[in-house]
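Chain by chain, the residues run as shown.
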Amino acid sequence: MQGEWAGEMVGPDVWETCRELIPAGSVFAFLAEHREVLFPPGMFADMYPSSNGRPSLPPQVLAATVVLQSLQGLSDFETVQELRCDLRWKAACGLGLYDTAFDPSLLTYFRRRLRHSADPMRIFTKVREVVAATGVLKGRQRRALDSTVLDDAVATQDTVTQIISAIRRVIREVPGAEEVAAEHCRAHDYTDPGKPRIAWDDETARAALVDALVTDALRLLGHLPEQNLGEKAANAVGMLALVAGQDVEPAEDSDGRDGRWRIAKRTVADRTVSTVDPDARHIHKNRTRHQDGFKGHASFEPETGLFTAVALTSGYGPEHHEAAVARDLLEGEDGELTVLGDSAYGTGDLRAQLQADGHTLVIKPAPLRQAIPGGFTIDDFRIDPAAGTAACPAGHTANLGQIKADGARTAQFKRVCTGCPLRERCTTSKTGRTLNVHPQYELLAAARAQAVTDPAWQDEYRRWRPPVERAIAWLVARGNRRVPYRGVIANNIWLHHRAAALNLRRLINLGLTRTSNTWQLAPATA
């Protein structure tokens, strides 16, 4: 059942007796004074539906603790140590001077209740309500979008480690699997916590080990007793089936039916990089920067320095691309916005949708790739989708082909390229230039032209796009580049808590106060 504040403290009230020691204008002082109003008990009532049992710690105390923990980037153990030993934390969370706080596991239980509640992001939502009450965003219609890669909390595993770990998990979780493994699995002693003892610098030995481990995995899966599996057991079986096949292919002289395997000479799309956190993915932020983890997305008001929305997603798949997530970040915004973003947000679909919603776009166009360095790009051709024609720089005209399933069209110049004096700047193909025209070509071409020729667009982008880089730096500061938990859901809640804490700190710096039961920003004094 939900605990209530009884007004009794263990020792003197730190806020009353040591107020002068708590930095004025800090998040600590603000929570000490306004904690009960910011996080009223009724805000968490649905998380504690039962009226029976031992009362919990008042959730507003835990909410204040989570805000400070997210702001400082601390573990559960470190957070409780701060509550026990730091006067600022005691004042902010309403603990007495001699209070030893609580066991760190209580924070885990609180996050679990949040996760399974109707509104897991309620702390972020509450701070956003405070932002709305102050009116600080009124008339400020710019939204800068950006994303960053957040490192996962686990170690990346190689193929051997993944298969062994998955087999051990099946043995541990699935009834009857231990007996099956003892009878059919011979490649490794799966009770041994270490790696197999082989000559790891011997390619033949490594190949033989991979072949044997995949065979063990398939035998184990094939001989498991037929039964209804619980969630943990079903997940373990599914994970083993996944990792046993994602990195291997039939041996060179095998037809795939004789049970001989080798490491595949390719990387499967959407590859699982760890059995400990199956949601983590290998992410290419650009051509030179590769990380394992998740994508963090943010919508930011650059003038006030406030996050208006955040999201954490998997690092793979079109539904997790920046342009796809941008729609969710801007959902619920009032009025027409000026949307700023880098080239990741410059897709034709997103541009079309935002313009249809009445927004002004200050989004950097993606650079055009040249078939030949210094040669012609698609903008050097005269394309008329309405007439269905495309004219090359030499003046030759080709018809645009039929509209494909994705809306694209193709113009094939081919024979007219023979003997063309501009061919060396146009194509290296022996059959001549083939031009692929995007479904939203006119929209994208207009955006590229505007970015080059419109001084007002350029000034807007240069002035208001860079602040979002600062916002991302705030998000990942204090070691928060690495997420603290496993899985998308838990880390998405953490990212919302992190953004809520940063927003609260920013509001306090802007003069947040409460007067006549309303949140206001006190005007700056000279």
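Residues numbered from 1 in each chain as written. Predicted model: local features only at pLDDT ≥ 70, side-chain atom pairs only at ≥ 80, totals over all residues. Heavy atoms only, no water.

Engineer: Could you give an account of the nonpolar core, with specific residues and numbers?
Structural biologist: If you look at soluble globular proteins, the nonpolar side chains tend to sit buried side by side. Counting residues in each nonpolar core, the largest one holds 79 residues, and the members touching the most others are Leu 31, Phe 39, Phe 110, Phe 307 and Leu 504. At 10 residues, helix 17 (residues 488–509) tops the list of elements feeding residues into this core. With sequence-adjacent residues up to four places away left out, Phe 39 is seen in contact with Leu 31, Phe 44, Gln 60, Ala 63, Ala 64, Val 67, Ile 123 and Lys 126. Counting 29 residues, the second-largest nonpolar core is a separate cluster that includes Val 174, Cys 185, Val 237 and Ala 244. (Core = buried A, V, L, I, M, F, W, Y, C linked by side-chain atoms within 4.5 Å. Buried < 20%, exposed > 50% of the residue type's maximum accessible area, 1.4 Å probe, protein only. Helix = DSSP H or I, 4+ residues; strand = E, 2+ residues; numbered from the N terminus. Contact = heavy atoms within 4.5 Å.)

Engineer: A description of helix 17 should follow, citing residues and the corresponding values.
Structural biologist: Counted at 1.5 Å a residue, the expected span for helix 17 with its 22 residues is 32 Å, and the 31 Å between its end C-alpha atoms agrees. Among the 22 residues that make up helix 17, 17 are buried, leaving the element largely enclosed by the rest of the structure. (Expected span 1.5 Å × (residues − 1).)

Engineer: Any details on the sheet that holds strand 11 (residues 397–399)? Residues and values, ideally.
Structural biologist: Pairing is antiparallel across the open sheet formed by three strands, whose spatial order is 9-10-11. Strands at the two margins of the open sheet, each flanked by one partner only, are strand 9 (382–384) and strand 11. Across the sheet, the mean angle separating the axes of adjacent strands is 15° when strand polarity is ignored. Here three bridges tie strand 10 (residues 389–391) to strand 11, and the two strands are oriented antiparallel to one another. Bridged to Ala 390 within strand 11 is Ala 398. (Pairing = 2+ DSSP bridges. Axes fitted to C-alpha atoms, helices over the stretch in contact; angles between N-to-C directions.)

Engineer: Now, about the packing of aromatic side chains: what can you tell me, with residues and values included?
Structural biologist: Going through the model one piece at a time under the given rule, you end up with seven aromatic pairs. Pairing Trp 457 with Tyr 461 gives two aromatic rings, centres 5.4 Å apart and planes at 5°, and the pair type is stacked. Here Tyr 461 and Trp 457 lie together in helix 15 (residues 455–464), a separation of four residues that amounts to about one turn. The same class applies to Trp 457 as to Tyr 461, namely buried. Taken together, the ring pairs in this structure connect Phe 300, Phe 307 and Trp 474 into an aromatic cluster. Directly above the aromatic system of Trp 200 lies the positively charged group of Lys 195, at a separation of 5.1 Å from the ring centroid. The ring centre of Trp 519 lies 4.8 Å from the NZ or CZ of Arg 514, which sits over that ring. (Phe/Tyr/Trp six-rings, centres within 6.5 Å; stacked < 30°, edge-to-face > 60°. Lys NZ or Arg CZ within 6 Å of the ring centre and 35° of its normal.)

Engineer: Can you break down the pairing of strand 1 (residues 142–151) residue by residue, with the values?
Structural biologist: The buried fraction of strand 1 is high, at nine of 10 residues. Across three bridges, the pairing between strand 1 and strand 7 (residues 338–341) is parallel. Pairing of Arg 142 across the sheet is with Thr 338, part of strand 7. Alignment of strand 1 against strand 5 (residues 290–301), held across eight bridges, turns out to be antiparallel. In the strand pairing of strand 5, Asp 146 is matched with Ala 298.

Engineer: Before we move on, could you go through empty space enclosed by the protein and cite the residues and values that matter?
Structural biologist: By the definition in use, this model includes two cavities of 30 Å³ or more. Empty space within the largest cavity amounts to approximately 100 Å³. If you go around the largest cavity, you meet 13 residues; those closest to its centre are Cys 392, Ala 394, Cys 417, Cys 420 and Cys 426. Class assignment for the residues of the lining of the largest cavity results in 10 nonpolar, one polar and two charged. (1 Å grid on protein atoms, 1.4 Å probe; cavity = no way out; pocket = protein on both sides within 12 Å on 5 of 7 lines; lining within 4 Å. Points joined across faces, edges and corners; volume = space filled by probe spheres on them. Nonpolar A, V, L, I, M, F, W, Y, C, P; charged D, E, K, R; others polar.)

Engineer: Got a sec to walk through the side chain of Gln 69? Specific residues and values, please.
Structural biologist: With respect to the helices and strands, the residue Gln 69 is situated in helix 3 (residues 59–72). A relative accessible area of 5% places Gln 69 in the buried class. A polar contact of 2.7 Å, which involves the side chain of Gln 69, links it to the side chain of Asp 76. If sequence neighbours within four positions are ignored, Gln 69 has contacts with Leu 74, Ser 75, Asp 76, Thr 79, Trp 89, Leu 107, Arg 111 and Tyr 485. (Polar contact = N/O pair within 3.5 Å; in protein donor to acceptor, adjacent residues only side chain to side chain.)

Engineer: Tell me about helix 15, residues and numbers included.
Structural biologist: When helix 15 is considered as a whole, its buried residues turn out to be Trp 457, Gln 458, Glu 460, Tyr 461 and Trp 464. Within helix 15, the buried residues cover an arc of 165° as seen down the axis, which keeps them to one side. Set apart from the buried face of helix 15 by more than 90 degrees, the exposed residues are Pro 455, Ala 456, Arg 462 and Arg 463. On its buried face, helix 15 sits against strand 1, strand 7, strand 8 (360–363), helix 14 (441–453) and helix 16 (467–476). For helix 15, the capping residue at the N-terminal end is Asp 454, with a side-chain oxygen 3.0 Å from the backbone nitrogen of Ala 456. (Arc of directions from axis to C-beta.)

Engineer: Please give an account of the packing of helix 10 (residues 203–223) against helix 11 (residues 231–246) that cites residues and values.
Structural biologist: The N-to-C vectors of helix 10 and helix 11 enclose an angle of 145°; their axes lie 10 Å apart at closest approach. At the point where helix 10 passes helix 11, the crossing takes the left-handed sense. Contacts between helix 10 and helix 11 involve Val 214, Ala 217, Leu 220 and Leu 221 on the former and, on the latter, Val 237, Leu 240, Ala 241 and Ala 244. For the contact of helix 10 with helix 11, the per-class residue count stands at eight nonpolar, no polar and no charged. (Left-handed = near helix turned anticlockwise from the far one by under 90°.)

Engineer: Give a detailed account of unusual backbone geometry, specifying residues and quantitative values.
Structural biologist: In this structure, Lys 414 takes a positive phi of about 40° despite not being glycine. Structurally, Lys 414 is set in the loop between strand 12 (409–412) and strand 13 (434–437). Judged by its relative accessible area of 38%, Lys 414 falls in the partly exposed class. A positive phi angle is found at Ser 516, which is not glycine, with a value near 50°. The exposure class assigned to Ser 516 is exposed, which follows from its relative accessible area of 67%.

Engineer: How would you sum up the pattern of salt bridges? Please name residues and give values.
Structural biologist: Across all of its chains, the model carries 20 salt bridges by this definition. Residue Glu 460 pairs with Arg 142 through a salt bridge whose shortest N-O separation is 2.6 Å. One end of the pair, Glu 460, is in helix 15; the other, Arg 142, is in strand 1, with 318 residues separating them in the sequence. Here Arg 142 falls in the partly exposed class, since its relative accessible area comes to 23%. For the salt bridge of Asp 270 with Arg 281, the shortest nitrogen-to-oxygen distance reads 2.5 Å. With Asp 270 in the loop between strand 3 (261–263) and strand 4 (281–284) and Arg 281 in strand 4, this residue pair connects regions lying 11 residues apart in the sequence. Asp 270 gets classed as partly exposed once you look at its relative accessible area, which sits at 36%. When its relative accessible area of 11% is taken as the criterion, Arg 281 is described as buried. (Salt bridge = Lys/Arg side-chain N within 4 Å of Asp/Glu carboxyl O.)

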